[in-house]
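This is what each chain is made of:
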Number of protein chains: 2
Amino acid sequence: MGAADSLDALLARVKFGADGLVPAVAQQHDTGEVLMLAWMSAESLRATLSSRRVTYWSRSRKSLWRKGDTSGHEQHLVDLRLDCDGDAILLLVDQAGPACHLERRSCFFTALRDGAAVDVPDAEAVPTGARGRT
Amino acid sequence: MGAADSLDALLARVKFGADGLVPAVAQQHDTGEVLMLAWMSAESLRATLSSRRVTYWSRSRKSLWRKGDTSGHEQHLVDLRLDCDGDAILLLVDQAGPACHLERRSCFFTALRDGAAVDVPDAEAVPTGARGRT
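Residues numbered from 1 in each chain as written. Chains lettered and ligands numbered in written order. Predicted model: local features only at pLDDT ≥ 70, side-chain atom pairs only at ≥ 80, totals over all residues. Heavy atoms only, no water.

Draft legend 1. How the structure looks around the environment of Ala24 of chain A. All names here are of chain A. Looking at where Ala24 falls in the secondary structure, it is placed in strand S1 (residues 22-28). For Ala24, a relative accessible area of 0% corresponds to the buried category. In this structure the C-alpha to C-alpha distance between Ala24 and Asp122, which are 98 residues apart in sequence, comes to 21 Å. Residues within four places of Ala24 in sequence aside, it is in contact with Met36, Leu37, Ala38, Met40, Tyr56, Ile89 and Leu91. (Helix = DSSP H or I, 4+ residues; strand = E, 2+ residues; numbered from the N terminus. Buried < 20%, exposed > 50% of the residue type's maximum accessible area, 1.4 Å probe, protein only. Contact = heavy atoms within 4.5 Å.)

Draft legend 2. Summary view of the relation of the copies chain B and chain A. Rotating chain B by 180° and moving it 0.0 Å along the rotation axis overlays it on chain A with an RMSD of 0.0 Å. The transformation just described matches what one would write down for a two-fold rotation axis. Of the C-alpha atoms belonging to chain B, the one lying closest to the rotation axis is found on Ala130 of chain B, 2.2 Å away. Interface overlap between copies is the fraction of interface residues in one copy that are interface residues in the other; for chain B against chain A it reaches 100%, indicating a shared surface. (Least-squares fit on C-alpha atoms with pLDDT ≥ 70 in both.)

Draft legend 3. Spotlight on the pairing of strand S7 (residues 110-113) of chain A. In this structure, S7 of chain A lies alongside strand S5 (residues 75-82) of chain B, joined through two bridges in antiparallel fashion. Opposite Ala111 of chain A, over in S5 of chain B, you have Arg81 of chain B as the bridge partner. With four bridges connecting them, S7 of chain A and strand S8 (residues 116-119) of chain A associate as antiparallel partners. Bridge pairing links Ala111 of chain A to Val118 of chain A in S8 of chain A. Counted between consecutive antiparallel strands, the loop separating S7 of chain A from S8 of chain A contains two residues, among which Asp114 of chain A sits at a positive phi close to 50°. (Pairing = 2+ DSSP bridges.)

Structure (structure tokens):
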């Protein structure tokens, strides 16, 4: 089967929300860092699978957003996973540089510690079981 | 500062959607497995932080859903992260048994391979850099 078949097989299972979007989580395939959560439309899924360059739907700009086109911090698709309910996507990617527009490796760098919201080092985005191993 | 301060510090930064919910991604803290994506209300965040038992908002049942109460597959909160835009949460958890209601470790077990949607083994939920290391 070809790429078109792949896409049909996937799109047939995806339950897009009323806004036509589904949440997508990007994870660095080897280190396991959860890099970001963004949104995908059917069109952005098509673009991602055909180009292997992760392409989201920007809810603020209301347009396709191919990650890295402006920042240079591209996300290359390694594997795509759909969840059991078909309403969330996990993107296993190879992220060039920081995924966050604030130049942090992961967007999830604010933790709740000792009663305050604090920023944690990029190293804490790597699961303890993978630290120092990749 | 106490728990109440922690909660205020967090809730002040969280941008809930029009439906009063924010997407939350659960990741096993050591292996790095992305287990599931669900939704949290301010009330479920309060319950999660006060009990350290991850508690979501069930959009289908329209009620609080403390993970594991019926299945026994509890999620214990290890760390909570908020993303740079304040509109997504990453929960680092210790997951007892399978996170998925289909008895799979992760809900994200369907991959797109060779033109078809196929289920992958639980072992593939572990990032390559952490496999066999935890």
